[in-house]
Amino acid sequence: MSASKLDAVYRSILLTKFFTKGWGKPENLRRLFEFRKVVSNREECFKLVERDYPVTITKFYWRRRNLMVKPLLKEAGIGGIILENPFYGLRKPIDQIRSSLHNVSDIFVMGGCLILESLVLFHWCERNGLGPLGVTGLSMGGHMASLAATNWPKPLVLVPCLSWSTASAVFLQGVMAHSINWDLLEDQYLSDGEYREKLSKMVTIVDEAFLAGKKFARTYSQNMEKNVQTATQTKTSDNVGNNNNKNLDITYKENKNESENTEKVIDVTKTVLDSNKIVKNANRTELENQIENLNEELKKLLEECKINQALYEKLISNKKFELDPQDIEDINKLTENKLKEMLLKCKVAELRNEETLLSETLTHTKESNDTTKQRNMGTSNITADNTNVPILKAPEKNELIPEADKSKSWNITDFTSDIWANLPFFKPSGKKIDIGKIHWRDREALQFMRGIMDECTHLSNFSVPFDTSLIIAVCAQHDAYVPRDDVGTLEEIWPGAEVRYVDAGHVSAYLLHQSLFRSCIIEAFERSKKRWKDGKHIN
């Protein structure tokens with residue numbers, strides 16, 4: 001699914017940056033990794049919080065109270081307690097701006113605290129006779145709600161909204177990745193041996209093995225099917241061969257020479273032509289294939305009336321040309337992907353010019369050499385004089401483009417390169433790590449980020465909720481904040497959970513689909529009432 005452009009634009013106008021102080025102290029990360037092993041075990045984590053642990057109530061959260069809690073109370077009689085995340089609101093450090101965490105380790109502190117605090121609130125609700133119980137949240141809150149639900153040893157409604165199975169994709173693949181100073185993180189990672197030599201060995205990239213296993217299973221199944229089909233076809237061909245042998249005519253014929261001794265006539269001309277055709281196809285360069293494909297794309301643009309005939313002819317002519325006002329208007333109407341295709345077309349055209357020039361130069365050299373050889377063959381003396389061999393000289397720019405023509409004639413590359421250079425997301429950043437152009441596997445620091453995020457936030461590292469049938473997750477199809485590619489799905493991690501999708505991005509779903517989130521919460525509580533009563537299953 002395509003990512004929402006609104007999500008990217010919204011994130012780009014926010015000036016706040018994440019993890020401006022780096023990874024966090026190595027000793028703190030080491031303790032957090034060890035603590036994760038405790039809170040991820042439901043039995044061990046449940047023992048950490050006493051049943052009568054006190055609760056403090058505050059009265060803030062105007063937006064959440066009026067958009068979620070009050071409507072739920074009015075529509076379905078469902079009351080709510082709003083738990084403020086650590087490092088949010090009044091619980092953030094004084095010098096922290098909004099929710100922009102200073103250290104990578106802060107997000108793991110947040111998750112551990114919220115798990116334990118949720119247990120405190122669940123105990124408080126039970127002491128006061130409230131139930132059935134449930135937990136929900138949006139975006140980061142949705143993932144924190146999922147973590148909280150893993151450690152309650154009783155049926156619990158869970159409705160995570162606009163979240164997924166791990167935070168690693170959020171900070172490495174989503175639009176949030178552009179809000180991180182990756183150069184700072186890489187410098188810290190490489191300069192302190194604790195991160196690289198010790199901490200990196202304590203974490204595991206969960207979905208590498210998970211997806212590799214899925215790929216192996218899928219590939220193995222496909223190979224097995226292919227082998228079965230091959231064996232069936234072989235068996236069938238053998239049967240056909242056996243049948244043919246049974247029908248052989250072995251009777252004596254008088255005209256045996258006519259039938260068996262007839263010479264086979266070989267069409268030499270056809271054979272040579274076929275071999276030349278094979279060689280020609282084999283020698284087709286990748287450049288020619290690119291040119292052919294791009295010409296087809298330009299033809300599609302013409303057929304779709306995205307560009308006019310005149311502009312089309314200019315683009316495929318591979319010559320310098322001038323842009324008319326209508327040409328510029330047509331170019332401005334093209335989408336980003338189509339414009340990139342045109343840029344690539346012009347790049348290929350430049351390469352084709354160079355290839356043609358080189359080919360012509362080599363041809364000229366070959367002809368001159370042939371003339372020299374023919375002249376020398378008329379004499380008995382062979383000399384080593386190279387005066388007749390032309391000296392190859394690289395053509396100067398002034399020879400290719402006369403100075404007088406530069407002001408009048410220019411190509412599409414000159415025009416579009418200026419456009420791309422002025423777009424904010426194509427300006428050279430001067431950074432060592434441009435997260436938009438590399439994959440997280442390409443740099444060791446990015447691999448470390450993927451590893452620690454999976455280690456401390458991936459739901460497969462935590463206990464499975466008590467009853468997964470009470471889980472309804474709501475996701476945005478075009479979510480650019482929370483990508484779902486290359487990570488395990490909720491249905492695979494929590495069999496029985498239900499995932500629903502809205503046709504929106506992260507920001508638009510948050511603004512426009514609050515009523516859908518509430519309806520899913522109400523539906524999940526109705527399921528709980530039908531399945532459980534006082535903690536006991538209803539038959």
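Look up a bit, the structure's there.
Below you will find a few notes about this structure. Because the structure is predicted, anything quoted here is derived from the model rather than measured.

Rules used throughout
- Residues numbered from 1 in each chain as written.
- Predicted model: local features only at pLDDT ≥ 70, side-chain atom pairs only at ≥ 80, totals over all residues.
- Heavy atoms only, no water.
- Helix = DSSP H or I, 4+ residues; strand = E, 2+ residues; numbered from the N terminus.
- Buried < 20%, exposed > 50% of the residue type's maximum accessible area, 1.4 Å probe, protein only.
- Contact = heavy atoms within 4.5 Å.
- Areas by Shrake-Rupley, 256 points an atom, 1.4 Å probe, with all protein chains shown as cover.
- Polar contact = N/O pair within 3.5 Å; in protein donor to acceptor, adjacent residues only side chain to side chain.
- Pairing = 2+ DSSP bridges.
- Right-handed = clockwise from strand over helix to strand, strands pointing away.
- Core = buried A, V, L, I, M, F, W, Y, C linked by side-chain atoms within 4.5 Å.
- Salt bridge = Lys/Arg side-chain N within 4 Å of Asp/Glu carboxyl O.
- Phe/Tyr/Trp six-rings, centres within 6.5 Å; stacked < 30°, edge-to-face > 60°.
- Lys NZ or Arg CZ within 6 Å of the ring centre and 35° of its normal.

Observations concerning the overall build of the protein
So, step 1. When helices and strands are tallied, the protein shows 23 helices and six strands.
So, step 2. Per-residue burial for the protein yields a buried fraction of 36% across its 539 residues.
So, step 3. Summarising the internal contacts of the protein: among those between residues at least 6 apart in sequence, 77% fall at separations of at least 24.
So, step 4. For the protein, the exposed area adds up to about 33,300 Å²; of that, 54% sits on carbon and sulfur atoms.

Topic: the environment of H458
So, step 1. Secondary-structure assignment places H458 in the loop between α20 (444-457) and β3 (472-476).
So, step 2. Distance in space between the C-alpha atoms of H458 and A167 is 7.0 Å, their sequence separation being 291 residues.
So, step 3. Here H458 is in contact with S165, T166, V206, D207, M453, G488 and I493, once residues within four sequence places are set aside.
So, step 4. There is a polar contact of 2.8 Å between the side chain of H458 and the side chain of S460.

Details of the pairing of strand β2 (residues 157-161)
So, step 1. A large share of β2 lies buried, amounting to five of its five residues.
So, step 2. Judged by which residues are buried, β2 turns out to be covered on both faces: V157, V159 and C161 on one side and L158 and P160 on the other are all buried.
So, step 3. Looking at chain direction, strand β1 (residues 134-138) and β2 are connected through five bridges and run parallel. Among the inter-strand pairings, G134 is bridged to a residue of β2, identified as V157.
So, step 4. For the crossover from β1 across helix α6 (residues 140-149) to β2, the handedness is right-handed.

Focus: the nonpolar core
Note on soluble globular proteins: their nonpolar side chains tend to be buried together.
So, step 1. Within the largest apolar cluster, 74 residues are counted, with the highest numbers of intra-cluster contacts made by W23, F171, W182 and M449.
So, step 2. Here the element with the most residues in this core is helix α5 (residues 104-127); it accounts for ten residues.
So, step 3. Not counting residues within four places of it along the chain, the set of residues in contact with W182 comprises F171, L172, A177, I433, I435, L446 and M449.
So, step 4. Within the second largest apolar cluster, 19 residues are counted, among which are L162, V474, I522 and A524.

Things to note about the pattern of salt bridges
So, step 1. Under the counting rule described, the total for this entry stands at 17 salt bridges.
So, step 2. A salt bridge links D95 to K21; the nearest nitrogen and oxygen atoms lie 3.3 Å apart. Of this pair, D95 sits in the loop between α4 (62-76) and α5 while K21 sits in the loop between α1 (5-13) and α2 (26-39), and the two are 74 residues apart along the sequence.
So, step 3. On the basis of relative accessible area, D95 is assigned to the partly exposed category, the value being 48%.
So, step 4. A salt bridge links E126 to K154; the shortest N-O distance between them is 2.8 Å. You can see E126 sitting in helix α5 and its partner K154 sitting in the loop between α6 and β2, a full 28 residues away along the chain.
So, step 5. E126 sits in the partly exposed class, given a relative accessible area of 31%.
So, step 6. The class of K154 is partly exposed, set by a relative accessible area of 28%.
So, step 7. A single network of salt bridges, built from pairs that share partners, joins E498, R500, E523 and R527.

Some thoughts on the packing of aromatic side chains
So, step 1. Counted under the stated rule, the structure contains ten aromatic pairs.
So, step 2. An aromatic cluster is built from W23, Y189, Y195 and F448, whose rings are joined through pairwise contacts.
So, step 3. One Lys or Arg, R484, reaches over the ring of W164 and ends 5.8 Å from the middle of that ring.

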